[in-house]
Amino acid sequence: MQSEKEMRRFFLRNRILLGAVWVVLLLLWLFTGSSVFLSICLAVPVLSAGTAALQLLARRKLCVQVHLPDGTAQKKQRIDAALCAHNGTFVPVLRCFFVVECRNAYTHEKKILVRSASLAPHETVQIPLHTAAEHCGYLLLTVRQVKFADIFGVAAVTKKETGSAAGMPVFPDIYLVKLALKPYAVGGSAQEETTLAEKGDDMSQTFQLRAYEPGDSLRQIHWKLSEKYGTLITREGSAQERDTLLVYWDPSGSVQEPALADAVAQAVASVCCALQDSGVRFRFCADPTDADALREEATAEDIHFRILEAIRRDAPASPLPQTVGRGRVLYFSMHQPEPNDQAVCIHCDASAGELQILPDHPLQELEL
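Looking at this structure, how should I read the nonpolar core?
Within soluble globular proteins, side chains that are nonpolar tend to cluster in buried spots. Ranked by internal contacts, the top residues of the largest apolar core, which has 35 residues, are Val 247, Trp 249, Val 271, Phe 282, Phe 284 and Phe 332. If you list the elements that add at least two residues to this core, you get strand 13 (245-249), helix 5 (258-277), strand 14 (282-285), helix 7 (300-311) and strand 15 (329-333). Among the elements that line this core, the one with the most residues is helix 5, at 11 residues. Among all residues touching Trp 249, those that are not within four sequence positions of it are Tyr 106, Val 264, Ala 265, Val 268, Phe 284, Cys 285, Ala 286, Ile 307, Ala 310, Ile 311 and Phe 332.

So, in structure tokens, the structure goes:
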């Protein structure tokens, strides 16, 4: 059984069949007067109600867990998940239906899967659950409810919101992007300038002064001020700001067009790989509050981690921050970008004149 529609058909079909059998038995009793037919007519609702009451007891002690394989998945690739159900009572579960919501946290797509099983007293069963993601994102499987059927499959006892959930990232596909980089695009990547706005390890420029703390290096001590005030004063260095390219991604808006959101995520991952393969130093950020990402050069591990973080959360709009450091900016977004002399905007708004990405027109060439 694969869907809620099939589950509803199961209960409806059984109700119609049982109702028809009960009417026939009732007519036979009326025509023949046999107490056997009357006994069966009375026994049917009693058995249905009695077994449904027993399922109420089983509902309290049924434990369900969702298991997903480790690692990341690829788009449209089958994911072999499983439901682990344990009946903690002495009452057999005649037949139960597990309603599982499969939701993509990045694109907000969702579908419902239904699996059924029977469990003996104190039995644990593994129920295969196969699914796939149409687009990249974070696939979250949640058991929304469990329905217990009576002996005839006509009445249902429901256990809602079991709290059982598991997630798995689906990484964007990566394709070849041909880059044409002009010298000013990366702004002399070997140069460094000191900024007084952030703490760092450049002791030639002072970021702030503070009282000495155990563990401070002797080279941090400001000897003249320490002598003047009669106590040790420590100075902290400023950060060095590199004149590098910034790849900035606003992952919000994916609920509007899942296919376009998928295309943007693929373009972001592909351009980052192309920059790394070309030996270009750059920063990568998908969160305007992440000061380290805005300041530090990105490694392959940083990019992988930050892309996964961006596609697993329901991100609010995060437009390009006012302060992005020195150098050019590649700004990926699904929104109409604000004018910015630093930024080359790459987005999916068909009404704008900037470089656009479409699901059937991937970003294959990029000139900066």
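What follows picks up the thread again.
Mind showing me how you'd approach the pattern of salt bridges here?
Side chains that differ in charge, positive against negative, can pair when their charged atoms come close. Inspection of the entire model under this criterion finds 10 salt bridges. Here Arg 78 and Asp 80 are joined by a salt bridge, their closest N and O atoms 2.9 Å apart. Note on Asp 80: relative accessible area 41%, which makes it partly exposed. Across the pair Lys 110 and Glu 101 runs a salt bridge whose closest N-O atoms are separated by 3.6 Å.

Which parts of the structure should I look at to understand the sheet that holds strand 2 (residues 79-87)?
In sheet architecture, strand pairing relies on hydrogen bonds along the backbone and comes in two forms, parallel and antiparallel. Overall, antiparallel pairing links the 3 strands, which are arranged 1-2-5 in an open sheet. Because the sheet does not close on itself, it has two edges, and the strands there are strand 1 (62-67) and strand 5 (124-131). The mean inter-strand angle of the sheet, taken between neighbouring strand axes irrespective of direction, is 20°. Where strand 2 meets strand 5, 8 bridges bridge the pair, whose relative direction is antiparallel. If you follow His 86 over to strand 5, its bridge partner there is Thr 124.

What's the story with the packing of aromatic side chains in this structure? I'm lost.
Tallied over the entire structure, the rule returns 5 aromatic pairs. Summarising the aromatic geometry, the rings of Phe 10 and Phe 97 are spaced 5.1 Å apart at their centres and angled 55° between planes, so their arrangement reads as tilted. Within this pair, whereas Phe 10 is found in helix 1 (residues 4-32), its partner Phe 97 is found in strand 3 (residues 93-104), the two being separated by 87 residues in sequence. Assigned by exposure class, Phe 10 and Phe 97 land together as buried. Three or more aromatic residues joined by ring pairs form one cluster here, namely Phe 10, Phe 11 and Phe 97. Taking NZ or CZ as reference, Arg 95 lies 4.6 Å from the ring centre of Phe 10, over its face.

What exactly am I supposed to notice about the side chain of Lys 147 here?
Relative to the elements of secondary structure, Lys 147 occurs in strand 6 (residues 137-149). Among buried charged residues, Lys 147 stands out as having no salt bridge; its nearest opposite-charge side chain is Glu 4, 7.5 Å away. Only 3.1 Å separates the side chain of Lys 147 from the side chain of Thr 158, close enough to count as a polar contact. When residues no more than four places from it in sequence are discounted, the contact partners of Lys 147 are Met 7, Arg 95, Cys 96, Phe 97, Val 157 and Thr 158.

I keep staring at a nonpolar patch on the surface and nothing clicks. Help me out?
Taken together, the side chains of Trp 22, Val 23, Leu 27, Leu 30 and Phe 31 define a hydrophobic patch exposed on the protein surface, amounting to about 540 Å² of accessible area. You can see Phe 31 is positioned in helix 1. Looking at Phe 31, the relative accessible area reads 73%, which means it is exposed.

How should I be thinking about unusual backbone geometry in this particular structure?
Negative phi is the rule for most residues except glycine; trans is the rule for most peptide bonds. With a phi close to 65°, His 108 is a non-glycine residue in the positive phi region. Within the element layout of this structure, His 108 appears in the loop between strand 3 and strand 4 (110-119). Although it is not a glycine, His 122 sits at a positive phi angle of roughly 60°. Summarising the element assignment, His 122 is placed in the loop between strand 4 and strand 5.

Would you mind going over the pairing of strand 7 (residues 156-160) with me for this structure?
Strand residues, when the strand is regular, have side chains that alternate between the two faces of the sheet. Two elements, strand 6 and strand 7, share 5 bridges in a ladder whose sense is antiparallel. Bridging across to strand 7, Val 146 finds its partner in Lys 159. Count of turn residues in the strand 6/strand 7 antiparallel hairpin: 6 residues, of which Gly 153 carries a positive phi of about 70°.

Conventions used here
- Residues numbered from 1 in each chain as written.
- Predicted model: local features only at pLDDT ≥ 70, side-chain atom pairs only at ≥ 80, totals over all residues.
- Heavy atoms only, no water.
- Core = buried A, V, L, I, M, F, W, Y, C linked by side-chain atoms within 4.5 Å.
- Buried < 20%, exposed > 50% of the residue type's maximum accessible area, 1.4 Å probe, protein only.
- Helix = DSSP H or I, 4+ residues; strand = E, 2+ residues; numbered from the N terminus.
- Contact = heavy atoms within 4.5 Å.
- Salt bridge = Lys/Arg side-chain N within 4 Å of Asp/Glu carboxyl O.
- Pairing = 2+ DSSP bridges.
- Axes fitted to C-alpha atoms, helices over the stretch in contact; angles between N-to-C directions.
- Phe/Tyr/Trp six-rings, centres within 6.5 Å; stacked < 30°, edge-to-face > 60°.
- Lys NZ or Arg CZ within 6 Å of the ring centre and 35° of its normal.
- Lys, Arg positive; Asp, Glu negative; His and termini not counted.
- Polar contact = N/O pair within 3.5 Å; in protein donor to acceptor, adjacent residues only side chain to side chain.
- Patch = residues over 30% accessible without salt bridge, like charges linked within 9 Å, V, L, I, M, F, W, Y side chains within 5 Å.
- Areas by Shrake-Rupley, 256 points an atom, 1.4 Å probe, with all protein chains shown as cover.

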